[in-house]
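Remarks on the overall topology
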Amino acid sequence: MLNENKKGKLFVISGPSGAGKGTLREKALNDIKNLVYSISCTTRKPREGEVDGVQYRFITHEKFKEDIEKNLFLEYAHVHSDFYGTLKADVIRELNVGNNVLLEIDVQGALQVRKKIFDAVLIFIAPPSIEELEKRLRNRHTESEEALKIRLNNAAKELELKDGYDFIIINDDLERAAAELRKLIESQI
Ligand code: ADP
Ligand code: 5GP
């Protein structure tokens, strides 16, 4: 249950893969006091350098299904080719001690959060163009050609949903976009 007296604010960022969400998230977490990140669960395999419990909790499909059945997720979705979800208990614990919480989740998850936490602030991170998005994803060297195609194909659909968000930030110049995100979050706290 949420404690209405102490409650922190919930911020959600979404956007297509390669838009720069992870990069902007790190900057926001470094720059903004009282902002904590909620680590998601995923069935995706860790990328090189990713550590269980840091970027994600890497869990099996079986465990993910069990947690869905136990109603442990605030939201979850099948994204690209895996399941991703936010644990309810993690978010409520932080909000109840007055921390502001940042989620970086896909568009399906963001819409589920909106229905459950009415004052959540939904922020869409958009790339300057699809061409630039593809360039960034390729330069990141984290996806196979097949995974990259899935992500680019999904990008067009995700971009169509951006008008359902409270705010849209175009990640053109990184420092400019990071400053805009910081200003926006600080103005809502
Ligand atoms: P996402 O988390 O949305 O998938 P990332 O944060 O991993 O995206 O960014 C994708 C790639 O683009 C990374 O290699 C990152 O360093 C790079 N990147 C992020 N923002 C910018 C920017 N404004 N200009 C150029 N490259 C960027
Ligand atoms: P990646 O595999 O690149 O880390 O993430 C793929 C996509 O899954 C991104 O759009 C990311 O925002 C989304 N994602 C990460 N965690 C969650 C989560 O807990 N819930 C939902 N719905 N999406 C998530």
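Everything that follows concerns the structure shown earlier in this document.
Residues numbered from 1 in each chain as written. Chains lettered and ligands numbered in written order. Predicted model: local features only at pLDDT ≥ 70, side-chain atom pairs only at ≥ 80, totals over all residues. Heavy atoms only, no water.

In this section: the site of ligand 2. With respect to spatial proximity, 17 residues lie near ligand 2, and among them Ser 40, Arg 44, Tyr 56, Tyr 84 and Asp 106 are the closest. Separating a nitrogen atom of ligand 2 from a side-chain N or O atom of Glu 75 is a distance of 2.8 Å. Within the side chain of Asp 106, a nitrogen or oxygen atom sits 2.7 Å from a nitrogen atom of ligand 2. In the complex, the protein chains occlude 96% of the 510 Å² of accessible area that ligand 2 would expose alone. Among the detected pockets, ligand 2 sits in the largest pocket. (Near = heavy atom within 4 Å. Polar contact = N/O pair within 3.5 Å; in protein donor to acceptor, adjacent residues only side chain to side chain. Areas by Shrake-Rupley, 256 points an atom, 1.4 Å probe, with all protein chains shown as cover. 1 Å grid on protein atoms, 1.4 Å probe; cavity = no way out; pocket = protein on both sides within 12 Å on 5 of 7 lines; lining within 4 Å. Sits in = over half its atoms within 2 Å of the grid points.)

Right, let's talk about the site of ligand 1 for a bit. What surrounds ligand 1 is a group of 14 residues, the closest being Gly 18, Lys 21, Gly 22, Thr 23 and Arg 140. Between a nitrogen atom of ligand 1 and a side-chain N or O atom of Arg 136, the distance comes to 3.3 Å. Between Leu 174 and ligand 1, the recorded distance is 3.3 Å, taken from a backbone N or O atom to a nitrogen atom. Calculation on ligand 1 without its partners gives an accessible area of 560 Å², and the protein chains cover 74% of this total. With respect to the pocket detection grid, ligand 1 is positioned in the largest pocket. Listing elements by their share of the shell around ligand 1, those giving two or more residues are helix H1 (21-31) and helix H5 (130-140). When residues of the shell around ligand 1 are assigned to their parent elements, the largest contribution, 3 residues, is made by H1. (Helix = DSSP H or I, 4+ residues; strand = E, 2+ residues; numbered from the N terminus.)

Moving on, we get to the nonpolar core. In terms of nonpolar packing, the biggest core is built from 22 residues, with Phe 11, Leu 35, Ile 123, Ile 125, Ile 169, Leu 181 and Ile 185 touching the most fellow members. Of the residues forming this core, the biggest block, 5 residues, is contributed by helix H7 (residues 174-188). Ignoring sequence-local partners within four residues, the contact set of Ile 185 consists of Phe 11, Ala 28, Ile 32, Leu 35 and Ile 123. (Core = buried A, V, L, I, M, F, W, Y, C linked by side-chain atoms within 4.5 Å. Buried < 20%, exposed > 50% of the residue type's maximum accessible area, 1.4 Å probe, protein only. Contact = heavy atoms within 4.5 Å.)

Inspection of the secondary structure puts Asn 99 in the loop between helix H3 (88-96) and strand S7 (100-104). It is 29 Å that separates the C-alpha atoms of Asn 99 and Arg 47, two residues lying 52 residues apart in sequence. Excluding its chain neighbours within four sequence positions, the residues that come into contact with Asn 99 are Gly 8, Lys 9, Asn 34, Val 36 and Glu 94.

Attention now moves to the layout of surface pockets. Approximately 790 Å³ is the volume found for the largest pocket. Along the walls of the largest pocket sit 35 residues, with Lys 21, Arg 47, Tyr 56, Glu 104 and Arg 140 positioned nearest its centre. Taken together, the elements giving at least two residues each to the lining of the largest pocket come down to H1, strand S5 (73-79), strand S6 (82-87), H5 and helix H6 (145-160). Counting residues per element, the lining of the largest pocket draws most heavily on H1, at 5 residues. As for the second largest pocket, its lining consists of 13 residues, of which Arg 44, Asp 82, Glu 143, Ala 147 and Arg 151 are closest to the centre. Breaking the lining of the second largest pocket down by element, the ones donating at least two residues are S6 and H6. For the lining of the second largest pocket, the leading source of residues is H6, giving 3 residues. (Points joined across faces, edges and corners; volume = space filled by probe spheres on them.)

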